[in-house]
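Structural description and commentary
One-letter residues, chain by chain:
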Amino acid sequence: MRSALPALLLLPFAAVAASGDASCAACHKSEASHFPGTPMGLAALSVGRCDILQKHPLLEYREGPFHTEIKTEGNRSTITVTRGTETFSTPILYALGQGKAGQTYVFQYDGAIYESRASYYNAIGGLDITIGDIGTVPQTVVEAAGRRLAPLDAANCFGCHTNGAVVHGMLHLDAVTPGVGCQSCHGDVERHEAAVRSGNVAAARLPHLGDLAAEDMLELCGQCHRTWAQIAQTGMNGPNTVRFQPYRLTNSKCYDVDDKRIRCTACHDPHGQIDTNLASYDSKCTACHAAALHTKTCPVSKENCVTCHMPKIDLPGAHHQFTDHEIRIVRAGGPYPN
Amino acid sequence: MLVCGRTLAGFAGLILGVSGVALCQDHPSPDALLHQALELHRSGDFAGAIAEYRAYLEQVPDNPMALSNLGAALAHGGDFPEAIVEYRKALELQPANLPVQMNLALAYYKSADISHAAAELERVLGERPGERQPALLLSDCYLRLGENRKAIDLLAPLEQQTPDDKALDYMLGNALIRDGQTARGELLVDRILRDGDSAEAHLLLGESRIWAQDYAGAVTEFQKALAINPQLPSLNGYYGTALANLGETAEAEAALRKELAADANDYAANFQLGKLLMRDDSAQSRAYFVRALGQRPNDFAARYQLALLDLQDSHPEQARAALESLTRENPRDVRAHIALATAYYKLKRKQDVNKQRAIVLELNAEKHAGASGGTSK
């Protein structure tokens, strides 16, 4: 629950002017060199930097009487929707998401931000309906192009996918830096940088995220990946919840609010790529489940734990299988646990 | 409320007509003082009248008419706490004086002490059952207190007696819609609309859209109402609420502030503005929730929001106490259990965190089982 967070956890949405990650790189070389190429670093892309748009100069999608095209030429992509003689056409501002699973586009029209109704899905190599729009029927060419976002929703959207653009809950498009940045998690990096330059060690201190307990870290990461409270409050159930890793992890039997061995960064390097070698996660499991620790161990296997205990779940409409972060003993044919 | 705005005007100056004392003396005898007070009161010099009433009452402290008139003069100047004191003194001497009871209720109502106003009006109606004006005012109190069922019980019999009373239709429609009886409520709205387009009817339709969580539909209705009568009480409060739910925060805040400029005690406007300001201005947000709670003492939603503010402001112990109380009152409220889990976490009560989370998952599972016609586990 955002409102119940300690002050430091509110920082992703706080009023911080973009300092620029380049200045952070001067001291934090290792983190800064890896981060821009990670899924978080690529959470939003300008058209020129978007591989998917560059590699697919024409994407098409048909829905009832509406025909959608996304045409890319150089650094410019245009979304065009036609129905008979009616046409709506507007440039795309940003692509949201790296596209490993999917990618959605945003554009501006009539003073508002719109989320494209068609998204690119990697598994099908083309466009299909955006997952949040399933079950809705567009009435106009504009509605077929995208869903108008209320200012608050637009701010939330850009608050997670970009940095520097949301000040006091208001979106400032002119200040957008695409992708998650240092300040998104670490807070007031501008103050930090100024204090470092002036030699004021005390003022330079930033919250040390490495000290966070599991619960606090899930709250921090959950500001974008959704917290347990946010999802529980919606009452959502079924495979739809699989996208919200902090919620699923919290529901795990082995989750412990205080234990750093079960927090997000126990398995994921926030400055690095996601490790696709599933065996690499075994050591995280055996940090708790080991004979030497007199804890429960797996009678079936000692390796590739996540392949059984964190199964891949097919999310309808997403054309992608998501790893279920509710760590559990999976019974063959058993239901998805809510 | 619109209806009560009319009602209040109807009750003003009830007691002056009771005057039966008209004496004129060469020196300020008690009777002369009273006469002078009445003259000043009639001429609109309320400050002068108050001084004369007080001088008279120093000598004759047990004249209920003078006490009541003093109360009326004080109320006219907006000094409701003092007016209430005087009305109460008058009622000690004449407990069954209906006009004074009514004025006392109005003084409570105008000073935003709705609970006491309702209690006084219940007394009035106990002695004069079926009286239209006190019934309308009492039903407005019930609506402000969120006691919609009581308003329905009070108004439904009156509606059968006077089926073409627009004010009554409006109040009853309001109560029904807020109680979730939207179909019945909208029948009354149709009756109001028979006489032509009206802001009141669109306000009610907008409210019913809010209940159905159709906020865009609600905004459309409220905009129609605003085009007809932008001054309609409560309209901007509900309009702001619908806009806030659509994420149109800047427009919502403007509408809510407009409502509060007209009626600082509007529950919906105070509550919603408190919610809007929660993230950026905790102190102001708290002040609005407290005011909302003043309108509806014991209101679950306002107490819940205050508990969230306590969590946000690092007062987990206060939040815990409030949330434990809320979950006792309504054990099926998922939001309160979620927030209570957070409070326990802040207090390092791990077992209790897990217990609350288990309750939440169970409640959500039951909800889904109920929706799909199955059982939870």
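The numbering scheme is per chain: residues are counted from 1 as the chain's sequence reads. The lettering of chains begins at A and the numbering of ligands begins at 1, in the order of writing. Only residues with pLDDT of 70 or above have their local features reported here, since the model is predicted, and side-chain atom pairs are shown and tallied only from 80 upward, although totals for entire chains, interfaces and linings are computed over all residues.

**A look at the overall build of chain A**
For helices the rule is a DSSP run of H or I covering at least 4 residues; for strands it is a run of E covering at least 2, with both sets numbered from the N terminus onward. Of regular secondary structure, chain A possesses 14 helices and 16 strands. Considering only C-alpha atoms, chain A reaches an extent of 70 × 60 × 35 Å along its principal axes. Split into buried and exposed, the 338 residues of chain A put 38% on the buried side. Each residue gets a C-beta atom placed from its backbone, and two residues are in contact if those atoms lie within 7 Å. Taking the contacts inside chain A whose residues are at least 6 apart along the sequence as the reference set, 51% of them involve residues at least 24 apart. Put simply, a residue is buried when 20 or more other C-beta atoms lie within 10 Å of its own C-beta and exposed when 12 or fewer do; between those, it is partly exposed, and each C-beta is set from the backbone.

**As for the environment of A:Phe322**
Residues and elements named next belong to chain A. Looking at the element boundaries, Phe322 is found in strand 16 (residues 320-323). Judged by the 19 C-beta atoms lying within 10 Å of it, Phe322 falls in the partly exposed class. Residues Phe322 and Val242, 80 residues apart in the sequence, show an inter-C-alpha distance of 6.6 Å.

**Looking at the nonpolar core**
The nonpolar core criterion groups buried Ala, Val, Leu, Ile, Met, Phe, Trp, Tyr and Cys residues into a set whenever they are joined through C-beta atoms within 7 Å. Among the nonpolar cores identified, the biggest contains 128 residues, and B:Cys141 and B:Phe222 are the most heavily contacted of them. Those residues in contact with B:Cys141 that sit more than four places away from it in its chain are B:Tyr109, B:Ile114, B:Ala117, B:Ala118 and B:Leu121. Residues A:Tyr120, A:Ala154, A:Cys157 and A:Cys160 belong to the second largest nonpolar core, which totals 44 residues.

**Points about the interface of chain A and chain B**
Taken together, the contact pairs 18 residues of chain A with 25 residues of chain B. Throughout, the ten residues Ala, Val, Leu, Ile, Met, Phe, Trp, Tyr, Cys and Pro are labelled nonpolar, Asp, Glu, Lys and Arg are labelled charged, and all others, Gly among them, are labelled polar. When grouped by side-chain class, the residues that make up the side of chain A that touches chain B number eight nonpolar, seven polar and three charged.

**Digging into unusual backbone geometry**
The backbone of A:His319 sits at a positive phi, close to 50 degrees, despite the residue not being glycine. Its place among the elements puts A:His319 in the loop between strand 15 (312-315) and strand 16. Classification of A:His319 as partly exposed rests on a count of 19 C-beta atoms within 10 Å. Of note, the phi angle at B:Lys348 is positive, near 60 degrees, even though the residue is not glycine. Following the sequence through the fold, B:Lys348 ends up in the loop between helix 20 (334-346) and helix 21 (350-372).

**Here's the deal with the domain arrangement of chain A**
Many structure descriptions define interface size as the accessible area lost when the parts assemble. Residues and elements named next belong to chain A. Domain delimitation follows an automatic or database domain assignment. Assigned domains of chain A: these are domain 1 (44-156) and domain 2 (211-323). Just the C-alpha atoms count here: the centres of domain 1 and domain 2 sit 31 Å apart. In this complex, domain 1 contributes eight residues to the contact, which on the side of domain 2 involves four residues.

**Here we look at the packing of helix 19 (residues 316-329) of chain B against helix 20 of chain B**
All names here are of chain B. Put simply, helix 19 and helix 20 touch, their axes get as near as 9 Å, and they point 150 degrees apart. Both helix 19 and helix 20 take part in a crossing whose hand is left-handed. Contact residues: helix 19 offers Pro316, Ala319, Arg320, Leu323, Glu324, Leu326 and Thr327, while helix 20 offers Ala336, His337, Ala339, Leu340, Ala343, Tyr344 and Lys346. When grouped by side-chain class, the residues that make up the contact of helix 19 with helix 20 number nine nonpolar, two polar and three charged. Every axis corresponds to a line fitted to the C-alpha atoms, with the helix fit spanning only the stretch in contact, and the corresponding angles, defined between N-to-C directions, vary from 0 to 180 degrees. Note on convention: near helix rotated counterclockwise from far helix by under a right angle means a left-handed crossing. Clockwise means right-handed.

**Examining the packing of helix 18 (residues 300-312) of chain B against helix 20 of chain B**
Think of two packed helices as two axes; the pair is described by the angle between the axes and how far apart they sit. Residues and elements named next belong to chain B. Running from amino to carboxyl end, helix 18 crosses helix 20 at an angle of 25 degrees, the nearest separation of the two axes being 11 Å. The angle between the axes of helix 18 and helix 20 places the two elements in the roughly parallel class. Handedness of the helix 18/helix 20 crossing: left-handed. In this structure, helix 18 contributes Tyr304, Ala307, Leu308 and Leu311 to the contact, and helix 20 contributes Arg335, Ala336, Ala339, Thr342, Ala343 and Lys346. An angle below 35 degrees is read as roughly parallel, one above 145 as roughly antiparallel, one from 65 to 115 as roughly perpendicular, and any other as oblique.

**Here's the deal with helix 5 (residues 80-93) of chain B**
Residues and elements named next belong to chain B. With 14 residues, helix 5 ought to run about 20 Å at 1.5 Å a step, and its terminal C-alpha atoms sit 20 Å apart, in line with that. Among the residues of helix 5, Phe80, Ala83, Ile84, Glu86, Tyr87, Ala90 and Leu91 are the ones counted as buried. Seen along its axis, helix 5 keeps its buried residues to an arc of 165 degrees; they face one direction. Across helix 5 from its buried face, at more than 90 degrees, point the exposed residues Pro81 and Glu92. On its buried face, helix 5 is in contact with helix 4 (64-76) and helix 6 (98-110). One fewer than the residue count of a helix, multiplied by 1.5 Å, yields its expected span. Think of it as the arc spanned by the lines of direction from the helix axis to the C-beta atoms.

**Here's the deal with helix 2 (residues 30-43) of chain B**
Residue and element names in this part refer to chain B. With 14 residues, helix 2 should reach 20 Å at 1.5 Å per residue; the first-to-last C-alpha distance of 20 Å fits that figure. Three or more residues of helix 2 are buried, namely Leu33, Leu34, His35, Gln36, Ala37, Leu38 and His41. Tucked into the core, helix 2 has its buried residues touching helix 3 (46-59) and helix 4. Immediately beyond the C-terminal end of helix 2, within one or two residues, lies Gly44, with a positive phi of roughly 95 degrees.

**Thoughts on the pairing of strand 3 (residues 66-73) of chain A**
Residues and elements named next belong to chain A. Along strand 3, the buried face is formed by Phe66, Thr68, Ile70 and Thr72; none of His67, Glu69, Lys71 and Glu73, which line the opposite face, is buried. Paired strands, as defined in this entry, are two strands with at least two bridges between them according to DSSP. Alignment of strand 2 (residues 58-63) against strand 3, held across six bridges, turns out to be antiparallel. Within strand 3, the residue paired with Arg62 across the bridge is His67. Counted between consecutive antiparallel strands, the loop separating strand 2 from strand 3 contains two residues, among which Gly64 sits at a positive phi close to 55 degrees. Looking at chain direction, strand 3 and strand 4 (residues 76-83) are connected through seven bridges and run antiparallel. By the bridge assignment for strand 4, His67 is matched with Thr82.

**Notes on the environment of A:Ala287**
All names here are of chain A. Mapped onto the elements of the fold, Ala287 is located in the loop between helix 13 (282-286) and helix 14 (305-309). Here Ala287 falls in the partly exposed class, since 15 other C-beta atoms lie within 10 Å of it. Separated by 81 residues in sequence, Ala287 and Leu206 have C-alpha atoms that sit 29 Å apart.

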